[in-house]
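The chain contents come next:
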Protein chains: 4
Amino acid sequence: MVIILKKQTEESELNRLRTWLERQNVTISVIAGEQHTLWGVVGDTSRIDTDMVESFEAVEGIRRISEPYKLASRSSRPGDTVIDIGNGVKIGGGNFTYFAGPCTIESEFQIISVAKSVKAAGAHVLRGGAFKPRTSPYTFQGMRDAGLRMLLEAKKETGLPVVTEIMDVSQIELFEDVDIIQVGARNMQNYELLKELGKISKPVFLKRGQSATYQDLLMSAEYIMAEGNPDVILCERGIRTFEPATRNTLDLASVPYLKGKTHLPVIVDPSHASGMSELVKPLAFAAAACGADGLMIEVHNNPSTALCDGPQAVLPDEFSEIVAGVEKIRNAIR
Amino acid sequence: MVIILKKQTEESELNRLRTWLERQNVTISVIAGEQHTLWGVVGDTSRIDTDMVESFEAVEGIRRISEPYKLASRSSRPGDTVIDIGNGVKIGGGNFTYFAGPCTIESEFQIISVAKSVKAAGAHVLRGGAFKPRTSPYTFQGMRDAGLRMLLEAKKETGLPVVTEIMDVSQIELFEDVDIIQVGARNMQNYELLKELGKISKPVFLKRGQSATYQDLLMSAEYIMAEGNPDVILCERGIRTFEPATRNTLDLASVPYLKGKTHLPVIVDPSHASGMSELVKPLAFAAAACGADGLMIEVHNNPSTALCDGPQAVLPDEFSEIVAGVEKIRNAIR
Amino acid sequence: MVIILKKQTEESELNRLRTWLERQNVTISVIAGEQHTLWGVVGDTSRIDTDMVESFEAVEGIRRISEPYKLASRSSRPGDTVIDIGNGVKIGGGNFTYFAGPCTIESEFQIISVAKSVKAAGAHVLRGGAFKPRTSPYTFQGMRDAGLRMLLEAKKETGLPVVTEIMDVSQIELFEDVDIIQVGARNMQNYELLKELGKISKPVFLKRGQSATYQDLLMSAEYIMAEGNPDVILCERGIRTFEPATRNTLDLASVPYLKGKTHLPVIVDPSHASGMSELVKPLAFAAAACGADGLMIEVHNNPSTALCDGPQAVLPDEFSEIVAGVEKIRNAIR
Amino acid sequence: MVIILKKQTEESELNRLRTWLERQNVTISVIAGEQHTLWGVVGDTSRIDTDMVESFEAVEGIRRISEPYKLASRSSRPGDTVIDIGNGVKIGGGNFTYFAGPCTIESEFQIISVAKSVKAAGAHVLRGGAFKPRTSPYTFQGMRDAGLRMLLEAKKETGLPVVTEIMDVSQIELFEDVDIIQVGARNMQNYELLKELGKISKPVFLKRGQSATYQDLLMSAEYIMAEGNPDVILCERGIRTFEPATRNTLDLASVPYLKGKTHLPVIVDPSHASGMSELVKPLAFAAAACGADGLMIEVHNNPSTALCDGPQAVLPDEFSEIVAGVEKIRNAIR
């Protein structure tokens, strides 16, 4: 951390800052320039509250040098995290995982038939929403507890492990038989939820918030890991930008960037990012080509009766084509 | 709502869409153009799931015409909502309310002394954080339950009503004696929390999320109102943009825009928006000049011992100057 | 185009609007809803000035249905535009073109040696900047006319066609022997320049502006095409977002989206988008996988003496690896 | 400037970087931390090309400490720049200037009548577009040379100085009798144009680009000033964000921020920022309250015949009300 000092600062203010910093177990090197005096702060700065530093009278600004995350950092663990969810399904570490299924669970029949379709097409994990975060209180909010039971029925029927979204701490116990708990983009900084998920031993699928930087995402992973749960799966699903044509802007640079900074797996969700079914295949191919550890894809099978399908869902046949193409790309760049 | 149909659509697909729409109690007018055929959908479209419409094979896109919120809409209630929180403090409807206090409650002594300072300077409501959403799990997370008790002590001591942030549904009962419950920007779309807050009879101070549109903010207010709680206070606190110099970009057009669309009060928080204490006064003046119903301002009084003060906090004397200037501006434009 | 009318509008205002619209050779269909009355405007709306429509007293808002571009639209020309720049190099229509070379031309020796390297590695077009748009007036502004001559020398030496950036109308005549004229992101809406480039018969390489939507980019292409020059090459090079880790956010959804909307070729520049050499290869692979018509990549060969190399330039060996990988990916998805 | 070095860097690479830096007349202080080694670079770093520094093998990243602009910086000139355009009109230094007039010049009658109206209402400078940057090539592009002549006629008739937009270097000579030359948002980084405007002695009204940071704006001012023209007027007119309700997001924090960093005047354009006439007055008030040096406001007088009025134009009466309110606010906060 480099601290830029204000020009005319009283000695007493400098001393106050110096004393405070030294109590944080860091050391200070001074660089006196013509325009600014800088303090280089050396040591473990990850626990230093930068807002606190900036509130000192003497401080004009700070520049972070080290990353504020530790457990999520690749420097703390050079090898990739590999998450084994049983049934031969491993996530990360060179494995490529397909998470597929409907946006929303609507009936036992529906979720089981989509589960069979996606399993046949090569999916490793079944996704399906029971608790649904909807922008409007007047639209379908998911089948909730009943939906979870249907999802677990589909798991039993097909053997596919399942991932589904949690929306509140109070729901955790309902997720006991769920294999992976998803935290949606809107809850990426719901820190009370993250802390509770850090106390259980179940992988967490953490979606990037719509206005979250890479660092914000890693800090949210750090919240989970700091409580003891090392199994976090990161998911790029698009950020909010000025472009109105797509629902969000899929930021694929996140994939190689994050994989350089962290040992955690990085999955891409091209369905929610684009909001358009015709963009799912090309973006899935792109994600695989730039090194993602897997894809989360929305698949429906009978749009005519769907209660909450999105315009981004693809049919099982299209999903098969995506899997086939992705496998060819992965072979090509191996 | 206007639905744009795909060019070569089979009759059966059109029928399927028409049947579905008619079941939603709306009527359809057809406009056949050279390039596109449009369906104008007339009736109460607020309950129609637009994702669902877009997932129909026949649909190329939709354009919303009516607002998707109802209870929050000014058309549902032409007069301003005025929220009486006792002690002579009313919010909205031409009143101007100052919410002031420290970022974080640190001790009984601290919160009581800041409370006295801000009360003397003209504040109507004391703010102070007990549960703190921090980006890093390694920085101070607030005094939590103990902090709440200190805040209520300060309320007793000064008579000021209090507002403080909730972070999880499970905390609601702890907020029994709190006058206004704040939902922070990161939880603006934590719908489970919003629904629970809709079931109690206590005003909710709802901060705009960093990537939330005006409509998203109003839809989150609608979540609370749809459950039965009409007392929602909206707060503009800056959005995330590409500009790195300020923490967020304060979007003051939100004030006149929202006040045109909704009867709910609109408060501005210039402290968190800018992240720089020297910008608080000019932005507070600007907020008052464009019609805000009040200000939320971070005030500290002894920065040298603060545990989590932000670089955006002002001293009580500066807060007094802000109040004095704002009152002059309000008189000027009355 | 759908026009939303204000609720209480006087008949005379409606007549004024109706008369004006009818003069534009369009017809109007009325849809009267409970909350709004809509006018569906049918006919060639591409020449209607939407700002003008919105300025009528009677109008609350408008929603565009048809695209405002015509010549650039795929509906005006279903087959892909293929641009033949001689020497067997064709751009678009299933061809994949590599544009490679240094950020800045520094000496005849440098540009010729990089040209030889990239040609050997598979490049089809040599890029190199003579006129350089730099954020600071105090940094190297390019070798300008002399740089252009060196670039043409490199063309003569290697047979590679060349592309280089123009910054002002007055420079057009200097570009006579240049094969493709590049318009940089900062000049994407320099309409005087676009119009002049529309009057010459030389392909234009048009980079997306940092805050340009897909539609803005196509409208800038339309400016060139409307003047008579059909040979426009679009280039995605990243947009400005809140993410600070990368220079810009490469928006790869633009590739399949644009290719659906237009017949023009779409090239991706992963070098400028990311600003980091280690991200160039994965993003180049991703661009190829999602259907780009080519890549523009910054290649340097002797960083130790460079005057203005960017942190995003790769070495010739890395460029060779990129070409090899991209060809495998293209074969895989063919 | 602080340079962050890569961890395992060969001595020869460090030497190469050190030699290069020393040639730039700066000195280096080394801070060796556990995780990173930093070099603090002291001296005049404004001429150092940061892209160049980042391209060195040894460099992991840099953090700028000093501002890269010099002539525009308040530290180079503590007092405010005051620009005297004759006729008693001064801009900056505590003066408050109203720039008003129609979007587009349409006829001599129109511009003269609007000029008279706005003069009567208190305007100091007449604005009006002759060369119009329009997104579509098919909409009215302005009256160009003829429009300029009409504007000068209005100047003669009313005595009001005039400001109008330039779109290309080749137009400069046409602007001889124009008092202030405007550079629009789309041309803010048209560096060839900025350099030429730096060579003449006429104030330049420089609008912030839609994706330009404060620093980008100041660097564009620096381009003009570095060529010898000190009279630059900055204009905040909104930036592009994800919010679709307003045309752009007016960023009023720019006003106090820029006024802290530079001695140049800062004007606010609430008309183009919002794109909605009902937002112009509240945003104008807000701009005055936070310390702007003036306002640019679009005023029309006969919307029924306008060729290119925007939905953001106000009538002369509304402009009068804005002036009256702004004067009261300025008195209130004096």
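See the structure shown above.
A short tour of the structure in this document, coming up. None of these values were measured; they are calculated from a predicted model.

1. A look at the overall build of chain A
Reasoning step 1: From N to C terminus, chain A includes 10 helices and 14 strands.
Reasoning step 2: Expressed as lengths along the three principal axes of its C-alpha atoms, the size of chain A is roughly 75 × 45 × 40 Å.
Reasoning step 3: Of all 334 residues assigned to chain A, the portion counted as buried reaches 66%.
Reasoning step 4: Long-range pairs, those at least 24 residues apart, make up 68% of the contacts in chain A between residues at least 6 apart in sequence.
Reasoning step 5: Counting every atom, chain A has about 11100 Å² of accessible surface; 45% of that belongs to carbon and sulfur.

2. Some thoughts on the interface of chain A and chain B
Reasoning step 1: Listed per partner, the contact involves 51 residues of chain A and 51 residues of chain B.
Reasoning step 2: Note on chain A versus chain B: buried area summed over both sides is about 4500 Å², and carbon and sulfur give 49% of it.
Reasoning step 3: In this structure, the connection of chain A to chain B is made through 6 salt bridges.
Reasoning step 4: Across the pair Asp49(B) and Arg134(A) runs a salt bridge, and its minimum N-O distance is 2.8 Å.
Reasoning step 5: Joining chain A to chain B, the criterion identifies 23 residue pairs in polar contact (both at pLDDT 80 or more).

3. Regarding the environment of Ile267(C)
Residue and element names in this part refer to chain C.
Reasoning step 1: As for its placement among the helices and strands, Ile267 is situated in strand β13 (residues 266–268).
Reasoning step 2: When its relative accessible area of 0% is taken as the criterion, Ile267 is described as buried.
Reasoning step 3: For the pair Ile267 and Ala286, spaced 19 residues apart in the sequence, the C-alpha separation amounts to 12 Å.
Reasoning step 4: When neighbours within four sequence positions are excluded, Ile267 is seen to be in contact with Ile91, Phe99, Phe205, Ile233, Leu234, Cys235, Glu236, Asp293, Gly294, Leu295 and Met296.

4. What to know about the relation of the copies chain D and chain A
Reasoning step 1: Of the transformation placing chain D onto chain A, the axial shift is 0.0 Å and the rotation is 180°, giving an RMSD of 0.0 Å. These values place the two chain copies in the arrangement generated by a two-fold rotation axis. Taking C-alpha positions as reference, the residue of chain D nearest the rotation axis is Phe242(D), located at 2.1 Å.
Reasoning step 2: Mapped onto chain A, 100% of the interface residues of chain D are again interface residues, and the two copies thus contact each other with one and the same surface.

5. Section: the environment of Met219(C)
Reasoning step 1: Relative to the helices and strands, Met219(C) is located in helix α6 (residues 214–226).
Reasoning step 2: You can call Met219(C) buried: its relative accessible area is 2%.
Reasoning step 3: Measuring from C-alpha to C-alpha, the distance between Met219(C) and Val178(C) comes to 25 Å, with 41 residues separating the pair along the chain.
Reasoning step 4: Filtering out sequence-adjacent residues up to four positions away, Met219(C) remains in contact with Pro68(C), Tyr69(C), Thr135(D), Ser136(D) and Pro137(D).

6. Looking at the state of the cysteines
Reasoning step 1: Tallied over the full model, the rule gives 0 disulfides over all chains.
Reasoning step 2: In this model Cys290(B) remains outside any disulfide bridge; the closest cysteine sulfur is found in Cys290(D), 9.7 Å from its own.
Reasoning step 3: Looking at Cys290(B), the relative accessible area reads 5%, which means it is buried.

7. Quick notes on helix α1 (residues 11–23) of chain D
Residues and elements named next belong to chain D.
Reasoning step 1: Its 13 residues place the ends of α1 18 Å apart at the C-alpha level, agreeing with the 18 Å of an ideal helix rising 1.5 Å per residue.
Reasoning step 2: Within the sequence span of α1, burial applies to Leu14, Leu17, Trp20 and Leu21. What you see down the axis of α1 is that its buried residues fit within an arc of 130°, all on one side. The exposed set on the far side of α1, more than 90 degrees from its buried face, consists of Glu11 and Arg23.
Reasoning step 3: Each element contacted by the buried residues of α1 is listed here: β1 (2–5), β2 (26–32), β3 (37–43), α2 (50–54) and β4 (59–63).
Reasoning step 4: Following α1 by one or two positions, Asn25 has its phi on the positive side, about 65°.

8. Some thoughts on the pairing of strand β11 (residues 204–207) of chain A
Residue and element names in this part refer to chain A.
Reasoning step 1: Neither face of β11 is open: one carries Val204 and Leu206, the other Phe205 and Lys207, and all of them are buried.
Reasoning step 2: Here 3 bridges tie strand β10 (residues 180–183) to β11, and the two strands are oriented parallel to one another. Counterpart to Gln182 in the pairing with β11 is Phe205.
Reasoning step 3: The pairing of β11 with strand β12 (residues 232–236) spans 4 bridges and is parallel. Note on β12: the bridge partner recorded for Leu206 is Leu234.

9. Quick look at the interface of chain D and chain A
Reasoning step 1: With 20 residues of chain D in contact, the opposing surface of chain A contributes 20 residues.
Reasoning step 2: Both faces considered, chain D and chain A share a buried interface measuring about 1800 Å² in area, 67% of it formed by carbon and sulfur atoms.
Reasoning step 3: When residues of chain D are sorted by the area they lose upon contact with chain A, Ile31(D), Ile65(D) and Phe242(D) head the list and together hold 30% of the total.
Reasoning step 4: Here chain D is connected to chain A by 0 salt bridges.
Reasoning step 5: Here chain D is connected to chain A by 2 residue pairs in polar contact (both at pLDDT 80 or more).
Reasoning step 6: The dominant element in the side of chain D that touches chain A, judged by the number of residues it contributes, is β3(D), at 4 residues.

10. Looking at the packing of aromatic side chains
Reasoning step 1: This structure, assessed with the given rule, holds 28 aromatic pairs over all chains.
Reasoning step 2: Three or more aromatic residues link up through ring pairs in this structure, and these residues are Phe96(A), Tyr98(A) and Phe319(A).
Reasoning step 3: Across from the ring centre of Trp39(B), 4.8 Å away, lies the NZ or CZ of Arg18(B), which sits over that ring.

11. What to know about the relation of the copies chain A and chain B
Reasoning step 1: Between the two copies, chain A and chain B, the superposition gives an RMSD of 0.0 Å; the rotation angle is 180° and the shift along the axis is 0.0 Å.
Reasoning step 2: Interface residue correspondence from chain A to chain B reaches 100%, placing this contact among same-surface, isologous pairings.

12. Digging into the sheet that holds strand β7 (residues 97–101) of chain C
Residue and element names in this part refer to chain C.
Reasoning step 1: Overall, parallel pairing links the 8 strands, which are arranged β7-β8-β9-β10-β11-β12-β13-β14 in a closed barrel. Direction aside, the axes of adjacent strands within the sheet are offset by 30° on average.
Reasoning step 2: As paired strands, strand β12 (residues 232–236) and β13 are joined by 3 bridges and run parallel to one another. The residue bridging Leu234 from the neighbouring strand is Val266, located in β13.
Reasoning step 3: Together, β8 (125–127) and β9 (162–166) form the strand contacts of helix α4 (residues 144–158), whose direction differs from that of β9 by roughly 165°.

13. Regarding helix α5 (residues 191–198) of chain D
Reasoning step 1: Burial analysis of α5(D) places 7 of its 8 residues in the buried class, which makes it a mostly covered element.
Reasoning step 2: Within the sequence span of α5(D), burial applies to Tyr191(D), Glu192(D), Leu193(D), Leu194(D), Lys195(D), Leu197(D) and Gly198(D).

14. Looking at unusual backbone geometry
Reasoning step 1: One non-glycine residue, Asn25(A), adopts positive backbone phi at about 65°.
Reasoning step 2: Despite not being glycine, Asn87(B) has its phi angle at roughly 60°, a positive value.
Reasoning step 3: Mapping Asn87(B) onto the fold places it in the loop between β5 (83–84) and β6 (90–91).

15. Here we look at the pairing of strand β9 (residues 162–166) of chain A
Residue and element names in this part refer to chain A.
Reasoning step 1: Of all 5 residues that make up β9, 5 are buried, and the element is covered over most of its length.
Reasoning step 2: Bridging between strand β8 (residues 125–127) and β9 involves 2 bridges; their strand directions are parallel. Counterpart to Leu126 in the pairing with β9 is Val162.
Reasoning step 3: Where the polypeptide runs from β8 across helix α4 (residues 144–158) and back to β9, its parallel neighbour, the crossover connection is right-handed.
Reasoning step 4: Summarising the sheet, β9 and β10 pair through 4 bridges and their orientation is parallel. If you follow Ile166 over to β10, its bridge partner there is Val183.

16. A short note on the packing of helix α3 (residues 108–121) of chain A against helix α10 (residues 316–333) of chain A
Residue and element names in this part refer to chain A.
Reasoning step 1: Across the interface, α3 lies against α10 with an axial gap of 9 Å and an inter-helix angle of 25°. When the axes of α3 and α10 are compared, the pair comes out roughly parallel. In terms of crossing hand, the pair formed by α3 and α10 is right-handed. Here Ser117, Val118 and Ala121 of α3 lie close against α10, whose contacting residues are Pro316, Phe319, Ser320 and Val323.
Reasoning step 2: Considered class by class, the residues forming the contact of α3 with α10 number 5 nonpolar, 2 polar and no charged.

Rules used throughout
Residues numbered from 1 in each chain as written. Chains lettered and ligands numbered in written order. Predicted model: local features only at pLDDT ≥ 70, side-chain atom pairs only at ≥ 80, totals over all residues. Heavy atoms only, no water. Helix = DSSP H or I, 4+ residues; strand = E, 2+ residues; numbered from the N terminus. Buried < 20%, exposed > 50% of the residue type's maximum accessible area, 1.4 Å probe, protein only. Contact = heavy atoms within 4.5 Å. Areas by Shrake-Rupley, 256 points an atom, 1.4 Å probe, with all protein chains shown as cover. Buried area = accessible area lost by both parts, 1.4 Å probe. Salt bridge = Lys/Arg side-chain N within 4 Å of Asp/Glu carboxyl O. Polar contact = N/O pair within 3.5 Å; in protein donor to acceptor, adjacent residues only side chain to side chain. Least-squares fit on C-alpha atoms with pLDDT ≥ 70 in both. Disulfide = S-S within 2.5 Å. Expected span 1.5 Å × (residues − 1). Arc of directions from axis to C-beta. Pairing = 2+ DSSP bridges. Phe/Tyr/Trp six-rings, centres within 6.5 Å; stacked < 30°, edge-to-face > 60°. Lys NZ or Arg CZ within 6 Å of the ring centre and 35° of its normal. Axes fitted to C-alpha atoms, helices over the stretch in contact; angles between N-to-C directions. Right-handed = clockwise from strand over helix to strand, strands pointing away. Parallel < 35°, antiparallel > 145°, perpendicular 65-115°, else oblique. Left-handed = near helix turned anticlockwise from the far one by under 90°. Nonpolar A, V, L, I, M, F, W, Y, C, P; charged D, E, K, R; others polar.

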